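# Remarks on the overall topology
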Amino acid sequence: MSHQTDGAPLLDQTLNALRGGVGPVHVLTDADLRATYETDWTRRFHGEAAAVVRPSTVDEVAAVLRACGEVGAAVVPQGGNTGLVGGGVPRAAAPRDERGSSRSQVILSTLRLRDLEAVDEVAGEVTVGAGVTLAALQEHVRRAGWDVGVDMGSRDSATVGGMVATNAGGVNVLRYGVMRQQVVGIEAVLADGSIIRRLPGLVKDNTGYALPSLLAGSEGTLAVITRVRLRLVPQLSRRTVALLAVDDAAQAAAFAAQLRRSLATLTAAELFDDDGMRLVLRHTGGEPPFREAHPRYLLVECGAASDPTDELVNAIAELPSRDAVAASDEGARHRLWKLREGHTEAVNAAGVPHKLDVAVPIGRIGEFDVIVREAIRRADPGARVFVYGHVGDGNLHVNVLGPDPEDEAVDDAVLELTIQMGGAVSAEHGIGVAKVRWLIADRGEPDVAAMRGIKRALDPAGGLNPGVLFPEES
Ligand SMILES: Cc1cc2nc3c(=O)[nH]c(=O)nc-3n(C[C@H](O)[C@H](O)[C@H](O)COP(=O)(O)OP(=O)(O)OC[C@H]3O[C@@H](n4cnc5c(N)ncnc54)[C@H](O)[C@@H]3O)c2cc1C
């Protein structure tokens, strides 16, 4: 007997090995039970899995990888399934093995890897399971007076393992850097089931290749991350947020640069447009922050041990903004943040979006914001465009509603322009399956050949997340 889905059947022998490895109740084969794991957050990416397995220890993860490796099944690692480029759900068309036969796909969910070790107070570090959500991690370390350097709107579901695998960015990158910069140790399982582990949390460690850095941003193609040691940052107990109405994105970038220079306490500088803000307000039912509409908005936050309100208010008084409002109590700060963080959900609720998460040189943000809208209009005159993002680090999210999910004309227009302007086709979400066609155009043949060499060395049979990051080799 076999369990047939799209792709090769998963033989009972393999299912039994998986059940023996993780326990029968943690091998889900019923379509109803698999469904939420098989479609991504945007509803744009979907594929059928032969099974969803839910290991709870590193040894169980190793058993899953060995069992799948023996029959050439593809393993799709999945954390919180908040990724936006289709890398954490099965491929729509079954991937092929090296002989050209179709592979069955197994989703390896990390959600049961949720150990939270005690905070190392002296080192300012913590070791946690890959399936711990960002919100659970924040709650854990804040109880000890620390905080996590990366924060983002998907915090309630995104997992630490997924954040490392995508090298997540978020709203505090200008202060603390991206996820790769928080990782000081890692435990992971390679495709053959062997376990690599380096968790002492040495800030300085130059003994050979930095495997934690290599796995950061590897999108489940090199190993399954099972445990992570993170450096922590001080908890900033006093925060003030300001929202500035500005003429355009160029002015927002210039103001952000000035504030970065003058305010050591600056933690975030975020951009959004008026169409995006109205969409968020319709979705959440909130009130507009200003009486009049303005072309663009810049949201900035300062955090410190003592109240940063005066220094922030004095600094923004120097800027010729159209209007400005500041808030330091929690409710008002949250309302201002919601205007920015509510974008992803509001756009998703309005349709199936094309989401382009690009990086452009910070000095060209203003130019990009104008030209990208023209390029999209040429590709699809009826498209609705929302541009928002992390103006302090050059990362803009271009979201487009209207074009059919399968029609990639607007995606191509945005990504081509990004490369022409010296940017990167992914700033924080990764390549996934959504941008595979663009990897070589962005990175060039020699870089991609080197990446493929690393992939072949760690996963010679290509069973880890095939079709993600690289196009499948024919
Ligand atoms: C509302 C919203 C806001 C967001 N804001 C931001 C933001 O500000 N910044 C940002 O960077 N992203 C953002 N994202 C995207 C997303 O939350 C991040 O990419 C996040 O890091 C994904 O984590 P996850 O656990 O959900 O991973 P998943 O979606 O489950 O997986 C993502 C990728 O990582 C791989 N993977 C997952 N876990 C592991 C593991 N343990 N080992 C190996 N590979 C693994 C998967 O195979 C897949 O390729 C947002 C998403 C939403 C829905």
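Residues numbered from 1 in each chain as written. Predicted model: local features only at pLDDT ≥ 70, side-chain atom pairs only at ≥ 80, totals over all residues. Heavy atoms only, no water.

### Describing the sheet that holds strand β9 (residues 183-189)
Overall, antiparallel pairing links the 4 strands, which are arranged β7-β11-β9-β10 in an open sheet. Sheet topology places β7 (125-129) and β10 (195-198) at the edges, where each strand pairs with a single neighbour. Each strand of the sheet is rotated relative to its neighbour by a mean of 15°, with strand direction disregarded. Taken together, the 6 bridges between β9 and strand β11 (residues 224-231) define a ladder with antiparallel strand orientation. Within the sheet, the bridge partner assigned to Val189 lies in β11 and is Val224. Strands in contact with helix α3 (residues 58-71) are β9, β10 and β11; relative to β9, the strand with the most contacts, it is inclined by about 45°. (Pairing = 2+ DSSP bridges. Helix = DSSP H or I, 4+ residues; strand = E, 2+ residues; numbered from the N terminus. Axes fitted to C-alpha atoms, helices over the stretch in contact; angles between N-to-C directions. Contact = heavy atoms within 4.5 Å.)

### What about the domain arrangement of the chain?
By the assigned domains, the chain splits into domain 1 (2-112), domain 2 (125-234), domain 3 (238-343) and domain 4 (351-447). Inter-centroid distance (C-alpha atoms) of domain 2 to domain 4 is 27 Å. Here domain 2 is connected to domain 4 by 0 salt bridges. Here domain 2 and domain 4 share 4 residue pairs in polar contact (both at pLDDT 80 or more) between them. (Domains from an automatic or database assignment. Salt bridge = Lys/Arg side-chain N within 4 Å of Asp/Glu carboxyl O. Polar contact = N/O pair within 3.5 Å; in protein donor to acceptor, adjacent residues only side chain to side chain.)

### Let's talk about the pattern of salt bridges
Across all of its chains, the model carries 32 salt bridges by this definition. With its nearest N and O atoms 2.9 Å apart, the salt bridge here joins Asp115 to Arg227. Placement of the pair is Asp115 in the loop between β6 (105-109) and β7 and Arg227 in strand β11, with a sequence separation of 112 residues. For Asp115, a relative accessible area of 41% corresponds to the partly exposed category. Classification of Arg227 by relative accessible area gives buried; the value is 17%. A salt bridge links Asp147 to Arg142, with the nearest nitrogen and oxygen atoms 3.2 Å apart. Among the charged side chains, a network of salt bridges with common partners joins Arg44, Glu408, Asp411, Asp412 and Arg437. (Buried < 20%, exposed > 50% of the residue type's maximum accessible area, 1.4 Å probe, protein only.)

### A word on the pairing of strand β19 (residues 395-401)
For β19, the tally of buried residues reaches 7 of 7 residues, placing the bulk of the element in the interior. A two-sided burial pattern is seen for β19, the buried positions comprising Asn395, His397, Asn399 and Leu401 on one face and Leu396, Val398 and Val400 on the other. Here strand β17 (residues 354-359) runs beside β19; their pairing, made up of 6 bridges, is antiparallel. Paired with His354 across the bridge in β19 is Val400. Note: strand β18 (residues 384-390) against β19, 7 bridges, orientation antiparallel. In the strand pairing of β19, Gly389 is matched with Leu396. Hairpin geometry of β18 and β19 is characterised by an intervening segment of 4 residues between the two adjacent antiparallel strands and by a positive phi of about 80° at Gly394.

### Things to note about the packing of helix α8 (residues 249-262) against helix α13 (residues 365-379)
Running from N to C, α8 and α13 cross one another at 160°; their axes reach a closest spacing of 7 Å. Taken as axis vectors, α8 and α13 run roughly antiparallel relative to one another. Classified by chirality, the crossing of α13 by α8 is right-handed. Along the contact surface, α8 presents Ala249, Ala250 and Ala253, while α13 presents Ile365, Gly366 and Asp369. Here the contact of α8 with α13 is composed, by residue class, of 4 nonpolar, 1 polar and 1 charged. (Parallel < 35°, antiparallel > 145°, perpendicular 65-115°, else oblique. Left-handed = near helix turned anticlockwise from the far one by under 90°. Nonpolar A, V, L, I, M, F, W, Y, C, P; charged D, E, K, R; others polar.)

### A closer look at the environment of Met421
Tracing the sequence through the fold places Met421 in the loop between α14 (409-420) and α15 (439-443). We classify Met421 as buried; its relative accessible area is 5%. Apart from residues no more than four positions distant in its own chain, Met421 is found in contact with Pro361, Arg364, Glu367 and Phe368.

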